[in-house]
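Next come the chains, spelled out residue by residue.
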Amino acid sequence: MTYNIALIPGDGIGKEVVPEAVKIIAALSDRYDFDINYTDFPYSCEYYLKTGHMMPADGIEKLCASDAIFLGAVGDFQVPDHVSLWGLLIPIRRQMQQYVNLRPVRLLPGIRSPLADRKSEDIDFVVVRENNEGEYSQIGGRVYEGTDLEMVVQETVFTRMGVDRIMRYAFELAQKRSRKHLTSATKSNGIIHTMPFWDERFKAVSQHYPDVKTAQFHIDILTAHFVQHPDWFDVVVGSNLFGDILSDLGPAIAGSIGIAASANINPEKEFPSMFEPVHGSAPDIAGKGIANPIGTFWSAQMMLEFLGEIKAAEALMRAIEAVTAEHIFTPDLGGNATTEEFTEAVLSKLKGIR
Ligand code: ATP
């Protein structure tokens, strides 16, 4: 089988971790008998600074020719975050109907959680974030700018189709996991239109999945529970904003933002899905060769699984875990391995996996 992968290394450490993942995927493709054709795309803040656009007008069309998109990180202090986000990631996620943002949170062997006495079995859940609508909308505006009467309005958009499809995805994911438990993140006490609607749809959709146990919490207390009782959670579904917040908090309790992986999925496979680490361009460590590549490797693992290369995906996860279990870490996790040394360690473990 041959897969066409669009590669967008992006900016900062994205350009350091993506080539390492390519090395790992090459080793897996030799071993598990599949081929990858990469097409490189320079879309990034660097590209914006040269051209005035994050990607060309036909950028989405070109990316659509691939089976999946693999992205590093996008960001630069010279480009406002909303420009880079709305110029590249959000158009890809929306126009390609990647309405599921999947972010696994797991305490890998050997990594110490900042939460006292937590072991691997205590932190193992998946955040399912709605990725196409919700709080991240373009509807709104500003009037009387710069005066005492200045007023800003930002609308939130929830559609029944959008809410139901993310909930169905979350219930189906929970059904496949051993605990079969789904938690909904809400705020229906303070946000009186959209969030009661979210709760209503959660209840309605839950009727179709009687084997899945459910819980729901307001987002404020839910963040506290993530810290105090991470073992309560299995699958957690949230709106675009709530899911975003929870999926940064999740990796923080699992050790480092550098290990966090994500997948932007179009479940119907009408468009390519996109796989990317959760972290940003990390300008403070870019160029030093010490970025943690685990988030990128784990994203590659999710991509291989999504493409159907299940054995290769499983082998990669086992190899990452075997390396962390030996306490080989980059500096963000308290070690002294470089990005390349970490990759070498994973490649060497892969050789020993049957
Ligand atoms: P951007 O503006 O592109 O979102 P950022 O670096 O401000 O990037 P984060 O990715 O959230 O945002 O990173 C915050 C900090 O966490 C970084 O400055 C860096 O110190 C650390 N960090 C992030 N990713 C990694 C990584 N892969 N390895 C090591 N440290 C990391």
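Residues numbered from 1 in each chain as written. Predicted model: local features only at pLDDT ≥ 70, side-chain atom pairs only at ≥ 80, totals over all residues. Heavy atoms only, no water.

Caption draft 1: Fine view of the nonpolar core. Counting 84 residues, the largest nonpolar core has Leu-28, Phe-34, Phe-70, Leu-102, Phe-125, Val-128 and Leu-182 as its most contacted members. In terms of domain composition, this core takes at least three residues from each of domain 1 (1–100 + 272–354) and domain 2 (113–254). In this structure Phe-125 touches Arg-103, Pro-104, Val-105, Arg-177, Phe-226, Pro-230, Phe-233, Asp-234, Val-236, Gly-250 and Ile-253, once residues within four positions along its chain are discounted. Counting 19 residues, the second largest nonpolar core, distinct from the first, contains Met-54, Ile-60, Val-79 and Met-274. (Core = buried A, V, L, I, M, F, W, Y, C linked by side-chain atoms within 4.5 Å. Buried < 20%, exposed > 50% of the residue type's maximum accessible area, 1.4 Å probe, protein only. Domains from an automatic or database assignment. Contact = heavy atoms within 4.5 Å.)

Caption draft 2: Looking closely at the sheet that holds strand S12 (residues 273–277). The strand order S2-S1-S3-S12-S11-S4-S5-S10-S8-S9 describes an open sheet built from ten strands, whose pairing is mixed. Of all strands in the sheet, those bounded by a partner on one side alone are strand S2 (35–40) and strand S9 (213–218). Sheet twist, expressed as the mean angle between neighbouring strand axes with direction ignored, is 25 degrees. As defined by bridge partners, strand S1 (residues 2–10) adjoins S2 across six bridges and the pair is classed as parallel. Residue Leu-7 lies in a different strand from S2, and its bridge partner there is Asp-40. The strands touched by helix H9 (residues 294–307) are S1, strand S3 (68–73), strand S4 (100–106), strand S11 (261–265) and S12; relative to S12, the strand with the most contacts, the crossing angle is about 160 degrees. (Pairing = 2+ DSSP bridges. Helix = DSSP H or I, 4+ residues; strand = E, 2+ residues; numbered from the N terminus. Axes fitted to C-alpha atoms, helices over the stretch in contact; angles between N-to-C directions.)

Caption draft 3: Spotlight on a nonpolar patch on the surface. Residues Val-143, Tyr-144, Leu-149, Met-151 and Val-153 make up a contiguous nonpolar surface patch of about 490 Å² in total accessible area. By the secondary structure assignment, Leu-149 is in the loop between strand S6 (140–143) and strand S7 (151–154). (Patch = residues over 30% accessible without salt bridge, like charges linked within 9 Å, V, L, I, M, F, W, Y side chains within 5 Å. Areas by Shrake-Rupley, 256 points an atom, 1.4 Å probe, with all protein chains shown as cover. Salt bridge = Lys/Arg side-chain N within 4 Å of Asp/Glu carboxyl O.)

Caption draft 4: Representation of helix H11 (residues 339–352). Here H11 spans 21 Å end to end across 14 residues, near enough to the 20 Å set by a 1.5 Å rise per residue. Within the span of H11, buried status applies to Thr-339, Phe-342, Thr-343, Ala-345, Val-346, Leu-347 and Leu-350. Looking at the buried positions of H11, the neighbouring elements they touch are helix H1 (14–32), H9 and helix H10 (310–325). (Expected span 1.5 Å × (residues − 1).)

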